[in-house]
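Coordinate inspection notes
Here is how the chains run, residue by residue.
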Amino acid sequence: MTTAVICAAGKGERAGLSGNKVLEELNGLPVLSYSLSAFSGSDEMIVVCRREDEKLILPLLRPYPNARTVHGGATRTESVYNGLKEAKGEIVLVHDAARPFVTKKIIDGCIESVTRYGSGVCAVSATDTTVLVADGKISGVPKRQNVYSVQTPQGFYRDKLLECYEQAFRDGGEFTDDSGIYARYAESPKICEGDRRNQKLTYPEDFQLTERIGFGTDTHAFYGEGEGAPFINFITLGGIRIPSEKILKAHSDGDVLVHALMDALLSAAGLRDIGYYFPDTDPAYKGAFSMNLLKEVLRLVREQGLAPKNVSISILAETPRLSPHIERMKESLSETLGLNENAIGIAAGTNEKLGYVGELKGITCYATALLKKIR
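Read on for a plain summary of the structure.

Rules behind the numbers
Residues numbered from 1 in each chain as written. Predicted model: local features only at pLDDT ≥ 70, side-chain atom pairs only at ≥ 80, totals over all residues. Heavy atoms only, no water. Helix = DSSP H or I, 4+ residues; strand = E, 2+ residues; numbered from the N terminus. Rg over C-alpha atoms; globule rule 2.2 N^0.38 Å. Buried < 20%, exposed > 50% of the residue type's maximum accessible area, 1.4 Å probe, protein only. Phe/Tyr/Trp six-rings, centres within 6.5 Å; stacked < 30°, edge-to-face > 60°. Lys NZ or Arg CZ within 6 Å of the ring centre and 35° of its normal. Core = buried A, V, L, I, M, F, W, Y, C linked by side-chain atoms within 4.5 Å. Contact = heavy atoms within 4.5 Å. Axes fitted to C-alpha atoms, helices over the stretch in contact; angles between N-to-C directions. Parallel < 35°, antiparallel > 145°, perpendicular 65-115°, else oblique. Left-handed = near helix turned anticlockwise from the far one by under 90°.

1. Some thoughts on the overall build of the chain
Of the regular secondary structure elements, the chain holds eleven helices and 17 strands. Taking 375 residues into account, the globule formula puts the C-alpha radius of gyration at 21 Å, and the chain, at 28 Å, lies well above it. With the C-alpha coordinates aligned to their principal axes, the bounding extent of the chain is approximately 95 × 50 × 40 Å. Residue burial in the chain is summarised as follows: out of 375 residues, 48% are buried.

2. Details of the packing of aromatic side chains
Inspection of every chain in the model, using the stated rule, returns eight aromatic pairs. For the pair Phe215 and Tyr366, a centre-to-centre distance of 6.3 Å together with 20° between the ring planes defines the contact as stacked. With a gap of 151 residues between them, Phe215 in strand S12 (residues 211-221) and Tyr366 in strand S17 (residues 362-373) connect regions that are remote in the sequence. Through a chain of ring-to-ring contacts, the aromatic side chains of Tyr276, Tyr277, Phe278 and Tyr285 assemble into a single cluster. The lysine or arginine in question, Arg184, covers the ring of Tyr185, its NZ or CZ lying 4.7 Å from the ring centre. Geometry around Tyr117 places Lys190 over its ring, the cationic atom sitting 4.8 Å from the centre.

3. Regarding the nonpolar core
Membership of the largest hydrophobic core comes to 47 residues, with the highest contact counts inside it found for Leu265, Ile313, Leu333 and Leu337. Ranked by the residues each element gives to this core, the list is headed by helix H7 (residues 256-268), at ten residues. The contact partners of Leu337, leaving out residues within four places of it in the chain, are Leu261, Leu265, Leu294, Leu298, Arg302, Pro308, Val311 and Ile344. In this structure, Val22, Met45, Val114 and Cys122 belong to the second largest nonpolar core, which totals 26 residues.

4. Digging into the packing of helix H1 (residues 31-38) against helix H2 (residues 54-61)
With their axes 10 Å apart at the nearest point, H1 and H2 run at an angle of 40° to one another. Taken together, the axes of H1 and H2 are oblique relative to one another. Once H1 is placed against H2, the crossing between them reads as right-handed. Where H1 abuts H2, its residues Leu32, Ser33 and Leu36 lie against Ile57, Leu60 and Leu61.

5. Quick notes on unusual backbone geometry
Between Thr152 and Pro153 the backbone carries a cis peptide bond, its omega angle lying at 15°. Its location among the elements puts Pro153 in strand S10 (residues 148-157). The amide bond that connects Thr319 to the next residue, Pro320, takes the cis arrangement and shows omega of -5°. Looking at the secondary structure, you find Pro320 in the loop between strand S15 (306-316) and helix H10 (326-337).

Structure (structure tokens):
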């Protein structure tokens, strides 16, 4: 039998929140809900929480008949101790609810390590050089290959870990995690594979949406006979010139693809549309090269702490034939967006002779953009 002891008794002071950070929403759900879902396969889940938070946590436990609450203490050590005393499982997995990205693979690996070695502490190798500091000065530089970042869950046999905690309380010791207590009073615990995505939410920026999606669309009409089309034989799409007998009407260069993409990026970042930032009443944008406007949109997006992760674009046009030019369009966008070409999807099709597109009156483009959070 396995018991998951989920630590949810913190305050979230470093996150600058007024309440418990595990009750804050992340992508539409309370942070605690992610851990409850991940550990729902355990025989028992014990959520260690503050008394004042219990009334908010209990509704989150309703889908999980194997879950219940235990009141925490003044410190993490005391809170985990309270949970261990109530646990019924032979194996316990102690997990910080502020790590919502834990996966079944991590959990299963932790349990396997306990059954084979008696302990399993999730950890990932350090990618940065770490140093030891004394009085504000570097006092030592351990070899990077010997340095790991410890995560949760951390698994042990319940009775043995409980005995370690009891000894720690008799000694009046205070520890930051379970592996430290186990190493002090039992033996060196075994490391098992963690995941760099299994991050702990600590600071305000950690609670921003990790990804955002936006949608944009744009349409430009072709000049008709006698409407005074300019003397050119091309249209501009994705920043490249494409030979065309019909010419698009526009205040700028008429790059309907880039205009739709800009709106998708702005929408994903929660900003206004391109008409707000680049009005067609402003002579400054007369004949403007839209790829330069796209660069300005990217600047606005990055000011929000976001950057493109991938984009998908669909063009509807009866003329000109676009398929021979798609790779060049992807190359052009790749350079400006800072994305690999495999993160840029462009599809071109006709409208089967239907509607204004089918009647050769214009071109419509649809775009979606996925933004990622950057630091």
